[in-house]
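Fold and contact review
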Amino acid sequence: MNDQDINLLLFWAKTTHDPEQYPRAFHPLLCHLIDVATVTFALWQHVLPHAMKQRIARCLGLTMEDAGLLVAWIAGLHDLGKASPPFTHRPTTQNIHQLYDGTRFAKTREPEPAKKAPHGYVTASELPEILRHDFAFPPALAQQISVMIGGHHGVFPRTENINSIQDSVDYRGGEKWIEARRLLAVELARRFAIQPLAHSITEPKLDNATTMVFAGLVSVADWIGSNSTFFPCAVNDQTQPFTLDLADYKIQSEQQAITALTELGWMNWAEPDEPRTFSALFADIKTPHPLQQAAMELAPTLTMPGIVVVEAPMGEGKTETAMFLADHWNATLKQRGIYFALPTQATSNQMFGRVQKFLRQRFDDANVLLQLLHGHAALSAEFQTLLKDGNQLHTMQLQGIHCDDCDSACTPSVVAAEWFTARKRGLLAPFGVGTVDQALLGILKTRHVFVRLFGLANKTVIIDEVHAYDAYMSVLLERLLEWLAALGSPVILLSATLPEQRRDALVRAYQKGLGVTQSKNDEAAYPRIAWATEAEQGALHLQTSAQNTRTLFLQHLDTDITQLGEALQTVLRDGGCAAVICNTVKRAQEVYEALQPFFPDNADDGQPELDLLHARFLFKDRAAREFRSLLRFGKQDGKVTDRDNCEQTVKRPHRAVLVATQIIEQSLDLDFDLMVSEHAPTDLLLQRSGRLHRHQRANRPSLLAQPTMWVVANDPADKLNFGVSSFVYDEHVLLRSHLSIRDKTQIEIPGEVSGLIEFVYDDRACSDETMRTRWDETADKLKQKRADKQAKALGSLLWPPHAADFFEHFNLQLEEDNPEFHKTLQASTRDDDAPSLQVVVLRHDERQRVQVKHFGEARWLLERSVNLASRSIVSQLIAQGAEPAWKEVALLRHHRLIPLDEADQCVLGNYQLRLDQNCGIVITKTQEEN
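The helix and strand tally for the protein stands at 30 helices and 26 strands. Here the protein has a C-alpha radius of gyration of 30 Å; the compact-globule value for 930 residues is 30 Å, and the two agree. Across its three principal axes, the protein shows a C-alpha extent of roughly 95 × 65 × 65 Å. Across the 930 residues in the protein, those meeting the buried criterion constitute 59%.

What follows is the structure in structure tokens.
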């Protein structure tokens with residue numbers, strides 16, 4: 001096993017988590033290397049999709065069978081650097097230093113602290129020579145693999161890091177240490193039948209994207225292989241001479257690898273066999289929409305990864321189209337999994353149920369793992385039910401229970417797994433629904449970013465509401481598309497409509513990732529479906545369903561939006577449901593209070609005739625109001641699932657008014673008879689109008705028989721004074737939007753949509769002499785603002801997938817979610833002008849419930865959280881520091897506490913916060929700021 005002077009089992013990898021019971025226990029390094037290698041091989045055999053294995057094998061120039069063993073061995077070598085003086089003699093492990101007394105590895109001088117020579121960096125420094133000398137690896141590949149696995153703790157070592165190791169004997173040790181590391185690698189190779197590769201590999205090379213996938217696999221295998229529940233310390237008593245039969249240990253490790261993967265939820269994932277027809281996937285859709293028909297015709301031509309951009313009005317079946325194309329791609333390319341990326345947590349929650357239903361029908365004879373990915377996923381009763389079902393299923397799998405042996409509880413089902421709820425792990429699940437931020441974090445310079453890319457690789461990614469992203473997020477999205485293309489991940493983008501420049505930029509970004517020469521998309525009128533692969537690109541104009549071909553009537557009101565009570569009362573005198581959409585929370589609260597005298601009663605459904613919905617309610621209250629809105633304004637006779645996972649039938653009130661912010665313009669299936677909106681960008685006005693006469697109804701009030709939107713000037717005295725809306729939307733975009741519709745009393749949908757959008761967003765000059773000066777001034781400001789946002793975004797991004805010297809520019813180690821770090825050190829997926837912070841607001845009689853002893857208490861506190869965006873308030877709360885009781889609670893560690901007095905108020909600097917039952921968190925200035 002080793003040379004006569006070196007017992008390889010002396011080198012340790014980890015110590016026990018129970019030092020009182022086992023004060024002298026440790027896990028030999030060689031055992032840990034075997035553990036991680038066996039986990040990697042189990043992942044290769046049972047989990048990784050065929051396309052991913054084929055990709056890695058092709059880069060290594062091996063068959064998939066041989067590549068699997070080699071990949072497992074390489075992954076096992078990740079901790080080779082632990083056989084070095086800084087790690088072996090760490091001051092925190094004095095209890096095992098006696099192992100080295102009287103050996104060639106006894107401490108002769110105080111070694112440099114391990115943090116100065118991270119063991120991963122020692123691996124990167126010392127492994128290349130072993131790979132070249134003992135295993136005939138080509139020099140470039142040996143170096144690349146060593147740096148890759150040397151970064152398994154989240155950051156790839158740079159040349160300067162490696163040089164510092166090689167320049168210090170205190171870091172790498174002398175000849176005896178070099179020989180020990182070589183023997184460890186050779187012994188591990190013996191256990192996995194690894195032979196020198198000189199005759200089987202010809203100029204192998206890992207491209208950057210494959211390197212990231214490989215690195216992600218190594219880190220994940222290390223996380224699992226380091227779990228002491230499955231891989232406990234193999235040595236429990238250092239005082240006795242110890243030996244270990246490594247052949248037996250490897251067999252035991254292989255069994256534990258399967259046990260770990262099963263219990264953690266990795267095993268028995270469903271994967272598509274053959275492509276299914278649209279009717280097989282959606283049996284309840286008897287007559288597919290024109291868009292869906294076009295997708296059926298397009299699908300057989302998509303024989304390689306590519307991008308599809310769908311632009312169509314709401315109600316055309318974009319979601320089902322995306323699901324169909326994703327499933328077809330996965331089956332055709334032998335890939336596995338879909339990630340649905342939505343703009344908000346609320347829209348993610350709405351989509352989660354639809355995806356669950358789709359997966360149950362698609363994989364009716366297999367188990368499917370589905371995760372909900374966002375900061376409040378723990379509050380979803382639907383998701384918690386899947387976690388409970390998953391725990392039960394995995395327990396039965398471990399016990400070998402089959403469906404013939406038990407009740408229906410173990411029949412194939414859609415489930416979730418607790419292991420994947422941890423930060424960084426969510427995208428590893430085969431199917432996921434969550435915010436787009438989760439995917440965008442995959443291209444920001446954070447620790448373990450390659451784990452997220454590993455999760456996205458060879459998975460179809462669906463990104464909804466693409467038009468909702470600003471200049472900052474658009475830069476991130478383009479880099480994400482570039483990486484997804486390089487990873488072999490198909491992408492489907494969904495939007496009500498996109499400016500031509502944005503659509504072309506997104507397609508070009510994906511093509512760049514494919515290594516394809518950028519070219520302009522084929523032209524096709526809106527609504528359209530466009531696509532691009534390595535081999536071809538095209539676009540197709542779509543017919544619109546009859547119910548979505550309509551005239552939108554506009555009325556321009558020269559009045560303050562808070563003065564609409566009498567007009568709304570008049571138009572709703574025979575009944576009807578109206579939405580009033582405001583651009584800020586404060587404005588929505590003001591409008592709600594102004595309308596209360598006109599709608600003071602309850603409606604016939606027992607709920608308030610006047611209601612309010614915005615993002616500054618405590619989470620539990622916002623969720624209740626969202627549910628109430630869906631239950632009142634949803635699809636006729638439709639079903640809505642409440643937070644207790646119980647279905648209720650939609651009941652529309654005779655008369656009701658919902659005052660809301662922009663949160664109802666995205667993905668919530670609501671239908672109103674009348675819509676009132678503050679002035680906003682034209683594309684968003686059209687998006688909002690999609691909630692107007694959305695469903696077919698035979699009994700709309702006669703006064704509201706035509707779909708009509710009232711557009712209210714922000715300043716009745718000056719239509720071009722956009723007020724606080726110019727802090728929400730760019731002034732130039734608001735100006736062009738005003739000019740695009742000021743003379744219109746109706747808009748033909750979809751015929752006029754594309755022209756209106758291009759008027760607002762293209763690079764034309766102003767044709768109105770009276771507006772030219774303001775047009776040019778605001779255009780210059782917008783250009784500079786976009787340039788600033790783009791520069792800020794570029795500074796946080798991973799380099800492109802085809803960049804040279806990628807490792808040298810890899811990672812700034814940006815913080816993902818810690819508000820205490822300066823903005824420049826945070827991995828921000830959104831560039832909010834005002835900093836935001838998650839806070840927990842407790843009333844006076846709730847303040848004693850700050851302590852967290854179990855998940856239920858953390859969940860109770862999270863229910864009372866809200867996101868605040870105010871520079872002054874946020875800065876004070878950050879300075880206040882985190883609640884000590886929450887620092888070790890993952891759900892709450894970056895939240896701040898706001899305790900209220902007996903009047904449900906508190907003062908923070910120059911602001912007063914008040915928790916109002918009807919209005920949510922109300923913020924008012926107590927005095928002017930300096």
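As a further point, take the nonpolar core. One finds W73, F137, M212, W266 and I463 to be the most contacted residues of the largest nonpolar core, which totals 148 residues. Non-local contacts of W266, meaning those with residues more than four positions away in its chain, are made with L43, V47, V220, I224, L261, W419, F420 and L428. One finds L670, L720, I749 and F759 within the second-largest nonpolar core, a separate group that totals 49 residues.

The subject of this paragraph is helix 23 (residues 619-633). Its 15 residues place the ends of helix 23 21 Å apart at the C-alpha level, agreeing with the 21 Å of an ideal helix rising 1.5 Å per residue. Extensive coverage of helix 23 is indicated by the burial of eleven of its 15 residues. Buried within helix 23 are the following residues: F619, R622, A623, R625, E626, F627, S629, L630, L631, R632 and F633.

Tallied over the full model, the rule gives 22 aromatic pairs. An angle of 55° between the planes, with centres 4.6 Å apart, marks the rings of W73 and F135 as tilted. A residue pair is termed long-range when its members are at least 10 positions apart, and W73 in helix 3 (residues 64-76) and F135 in helix 5 (residues 119-135) qualify at 62 residues. There is no split in this pair, since W73 and F135 are both buried. Taking 5.8 Å as the distance between ring centres and 55° as the angle between the ring planes, the aromatic pair formed by F363 and F431 counts as tilted. Residue F363 is located in the loop between helix 15 (345-362) and strand 5 (368-373), and its partner F431 is located in strand 7 (residues 431-435); the two are separated by 68 residues in the primary sequence. Each member of the pair, F363 as well as F431, carries the same accessibility label: buried. Ring pairing ties together the aromatic residues F156, F450, W483, F806 and F807, which thus form one cluster. One cation-aromatic arrangement involves R362 over F363; the distance from NZ or CZ to the ring centre is 4.8 Å.

On to the side chain of T562, then. Following the sequence through the fold, T562 ends up in the loop between strand 12 (550-557) and helix 21 (565-571). In this view, T562 contacts R587, E590, V591 and A594; residues no more than four positions away in its chain are not counted.

To continue, consider the environment of P681. By the element assignment, P681 lies in the loop between strand 18 (674-678) and helix 24 (682-689). Judged by relative accessible area, which is 3%, P681 ranks as buried. Separated by 337 residues in sequence, P681 and T344 place their C-alpha atoms 19 Å apart. Look past the residues within four positions of P681 in its chain and what remains in contact with it is Y729, V733, L734, S737 and Y761.

Before going further, it helps to spend a moment on the packing of helix 13 (residues 290-298) against helix 14 (residues 318-333). Angle between the axes and distance between the axes are the two parameters that describe a pair of packed helices. It is at 9 Å that the axes of helix 13 and helix 14 come closest, and there the two elements cross at 10°. Comparing their axes, helix 14 and helix 13 come out roughly parallel. Only K318, E320, T321, F324 and L325 of helix 14 make contact with helix 13, whose side of the interface consists of L291, Q292, A295 and M296. Residues that form the contact of helix 13 with helix 14 fall into these classes: five nonpolar, two polar and two charged.

Conventions and cut-offs
- Residues numbered from 1 in each chain as written.
- Predicted model: local features only at pLDDT ≥ 70, side-chain atom pairs only at ≥ 80, totals over all residues.
- Heavy atoms only, no water.
- Helix = DSSP H or I, 4+ residues; strand = E, 2+ residues; numbered from the N terminus.
- Rg over C-alpha atoms; globule rule 2.2 N^0.38 Å.
- Buried < 20%, exposed > 50% of the residue type's maximum accessible area, 1.4 Å probe, protein only.
- Core = buried A, V, L, I, M, F, W, Y, C linked by side-chain atoms within 4.5 Å.
- Contact = heavy atoms within 4.5 Å.
- Expected span 1.5 Å × (residues − 1).
- Phe/Tyr/Trp six-rings, centres within 6.5 Å; stacked < 30°, edge-to-face > 60°.
- Lys NZ or Arg CZ within 6 Å of the ring centre and 35° of its normal.
- Axes fitted to C-alpha atoms, helices over the stretch in contact; angles between N-to-C directions.
- Parallel < 35°, antiparallel > 145°, perpendicular 65-115°, else oblique.
- Nonpolar A, V, L, I, M, F, W, Y, C, P; charged D, E, K, R; others polar.

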